[in-house]
Amino acid sequence: MTVAAPKRLLIVDDEPAMHDSYARSFASQRGADEDALGAMAAELFGEEAPDAADEADPFDLTHCHQGLDAVAAVEAALAAGTPYAVAFIDVRMPPGIDGRETARRIRALDPEINLVIVTGFSDFSPIEISKVAGPADKIFYIAKPFEVAEIVQTATALSRRWEVDRELAAARAQLAAQIVQLEEQGAELAANESRAIHMATHDSLTDAPNRLAFLRALGERAKRPGLFATAMFDLDRFKIVNDTLGHLAGDALIREVCAILHAHAPEGAVVARLGGDEFGVLFDAPGEDAAVMACDRIVAACTGTHQVFGNSVQSGASAGLVVVEGAGVCDPIDALRRADLALNDAKRAGRGVTRLFDESMDEGIRFRRRIEQGLAQSVARGELSLVYQPIISRDALEVIGFEALVRWNTEEYGPISPATFIPIAEESNVIHELGDWILDEALKTVQQFPGQYVSVNFSPRQFRRHNFVGHIMESVQRAGVEPGRVQIEITETAIFDDAERAAETLYKLRQMGFRIALDDFGTGYSSLYNIRKFALDSLKIDRSFIDGMGRERESAAIVHSIIHLGRALGLEVIAEGVETEAQVQALRLAGASHLQGYFFSRPVSSDLALEIAQQRFFGEEPEEVAGTGTHG
């Protein structure tokens, strides 16, 4: 049996007989009337009807004969922390203030109290009283003479409502406090994150952007059209300052030179400390002559006498410069490398000068040019060929597709590795001609296969090609091949640069029936974002993780995570670079849906690929296929 805490009621009436009626009404009673009260409360507030064994809610009554006394009682109760739940107020109470004014003053003191206006007259309309003592949902009316049950029912229901309102208010207050706390924690985390990002991208000595920030700015600028200059500056004879005056003096000189660079660099330039006494400056330039003049001004400003800890220090600077075109034509890393080569040439020339990059400074540049020119003629010379590596299903070891891989055998240099010529092709428009040839040849070959698909790689530059979808579809239709027998392999780089456009492109390709595979999955920091956003059929685990499975727990964990993630999203997971039986068994147990690698077959010619396609299945121990280099 439970005993409820007393509910405090305030009775305000100028007639003693009415107070007696209230007292008799709220005397402790049990029986049918109380059951009715419980049912009413349940209906009003959704509570379960009280058990008959429970005590009736007791009431603590305070009697006031005048409105001013009632106002004072409310004020005292609030001060004591024992507020009233309900106040029953008579309208006419001469000679003091009337019920309307009493209700107004009580409401002003206690916004939560429920007011019940008890009257046999119509001096004030409910609207008039609600205007001064609202809200309307906390004002109720009972006509005199009243029934006992009516008063008790009203008091019981409103007391319980009052309790519920207080609990709700307390919950809201607690929630508000938690929200404030969370906002404060969020602000603190944001501030900490901002500080961490600043520390990660800025030099601690000069507070200038560091190498990471400079490369990021260089990468962003390389995407926009127009000429821009990348310059590297190095202090002359800086080691002498460190050796003779100490590292603190060297630090002071670094800070002073950094300030000079900021003051004399072209407007809008990015000035960064790349490390040691080396600085980078990135700025827009109308041409090479203007860029050289800008660097000469900086070199001149750095040259002269500097005061360091009371010592006069003679110092100067050398500069290496390269001016390139943006709009995606320039490789940011290569631009910085060229500027560094030019800086080295400036130092060899006697220091204190600016050197503009010349391709004679880099034999590698000449080699890349020869490769690029050779690729442009490779199709006409018939130097290109395709080889095919089978993609095997996990359970039945069935050949379900082939990845097409390009090979180049030159007359001048002999075979050239794809790792050498593909990146060079991707940096120029040669990749489009090369890619078109690869697609056409792969489509000719897949027509001979008894149902398998062919997987073709596309570079980021190809993927960004105007009307890429239409071009692919036209090639497939011309060859008479169903889109479902063509898998388009792309890397995260291809889709991350312009995610919205990439999502639309992949969606169109999927709608037309093409298969989509995300190649080298696991190597990009945007992986989870990409697979959630883009229409894909399969993930290809990068071969570096497969190779490291037996040696590194991290690689094994990454492989397992990718497999589970792919399966959860309903995607195929293709493991590349499978070379040992142990890898095969581990990947099959982990749940990889498909396998690809030397354990089954090296990339082979189209004729041998057709034999493998017709054979269809590999045994548990793959048998040697003539000329395939199995286990190679």
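Residues numbered from 1 in each chain as written. Predicted model: local features only at pLDDT ≥ 70, side-chain atom pairs only at ≥ 80, totals over all residues. Heavy atoms only, no water.

Remarks on empty space enclosed by the protein
Convention followed: A pocket here means an open set of points on a 1 Å grid, computed over the protein atoms alone, that has protein on both sides within 12 Å along at least five of seven lines. A cavity is instead a set of points where a 1.4 Å probe fits but cannot get out; residues with an atom within 4 Å of a point line either one. Grid points are joined across faces, edges and corners, and a volume is the space filled by probe spheres set on the points. Helix numbers and strand numbers start at the N terminus; a helix is a DSSP run of H or I with at least 4 residues, a strand a run of E with at least 2. Any residue that is not Ala, Val, Leu, Ile, Met, Phe, Trp, Tyr, Cys, Pro, Asp, Glu, Lys or Arg is counted as polar, Gly included; the first ten are nonpolar and the last four charged.
Across all of its chains, the model carries 2 cavities of 30 Å³ or more by this definition. For the largest cavity, the calculated volume is near 40 Å³. Surrounding the largest cavity, Gly 435, Asp 436, Leu 439, Phe 458, Gln 462, Arg 465, Phe 468, His 471 and Ile 472 form its lining. When contributions to the lining of the largest cavity are tallied by element, the ones reaching two or more residues are helix H14 (430–446) and helix H16 (468–479). Broken down by class, the residue content of the lining of the largest cavity amounts to 4 nonpolar, 3 polar and 2 charged.

Some points on unusual backbone geometry
Between Pro 94 and Pro 95 the backbone carries a cis peptide bond, its omega angle lying at 5°. Assignment of secondary structure puts Pro 95 in the loop between strand S3 (86–90) and helix H4 (99–109). Each neighbour pair has its own omega, and for Lys 144 with Pro 145 the value is -10°, a cis peptide bond. Tracing the sequence through the fold places Pro 145 in the loop between strand S5 (139–143) and helix H6 (148–201). With a phi angle near 55°, Asn 467 is a residue other than glycine that sits in the positive phi range. Assignment of secondary structure puts Asn 467 in the loop between helix H15 (460–463) and H16.

Side note on helix H23 (residues 606–615)
The condition that has to hold: Between buried and exposed lies partly exposed: a residue is buried under 20% and exposed over 50% of the maximum accessible area for its type, with that area taken using a 1.4 Å probe on protein chains only. Residue contacts follow a heavy-atom distance rule, with two residues in contact if any of their heavy atoms lie within 4.5 Å.
Taken together, the buried positions of H23 are occupied by Leu 608, Ala 609, Leu 610, Ile 612 and Ala 613. Buried-residue contacts for H23 involve strand S12 (384–393) and strand S13 (399–410). Once H23 finishes, Arg 616 follows within two positions and takes phi at roughly 70°, a positive value.

Topic: helix H18 (residues 499–512)
Inclusion rule: Between the first and last residue of a helix there are one fewer steps than residues, each counted as 1.5 Å, and that sum is the expected span. This arc corresponds to the set of directions leading from the helix axis out to the C-beta atoms.
Helix length check: H18 (14 residues) gives 20 Å between terminal C-alpha atoms against 20 Å at 1.5 Å per residue, within 8%. Turning to H18, its buried residues are Ala 499, Ala 502, Ala 503, Thr 505, Leu 506 and Leu 509. Taken end-on, H18 shows its buried residues confined to a sector of 165°, consistent with a single buried face. For H18, the exposed residues lying more than 90 degrees away from the buried face are Glu 500 and Gln 511. Gly 513, located one to two residues past H18, shows a positive phi value of around 110°.

Things to note about the pattern of salt bridges
The cut-off we apply is this: Salt bridges are defined as contacts in which a side-chain nitrogen from Lys or Arg sits within 4 Å of a carboxyl oxygen from Asp or Glu.
Throughout the structure, instances matching the rule amount to 31 salt bridges. Here Arg 381 ties to Glu 383 by a salt bridge, and the two come within 3.9 Å at their closest N and O atoms. For Glu 383, a relative accessible area of 7% corresponds to the buried category. A salt bridge links Glu 504 to Lys 508; the nearest nitrogen and oxygen atoms lie 3.4 Å apart. Note that Glu 504 and Lys 508 are positioned in helix H18 at a spacing of 4 residues, about one turn of the helix. Overall, Glu 504 belongs to the partly exposed group, its relative accessible area being 46%. On the basis of relative accessibility, which here comes to 39%, the residue Lys 508 falls in the partly exposed class.

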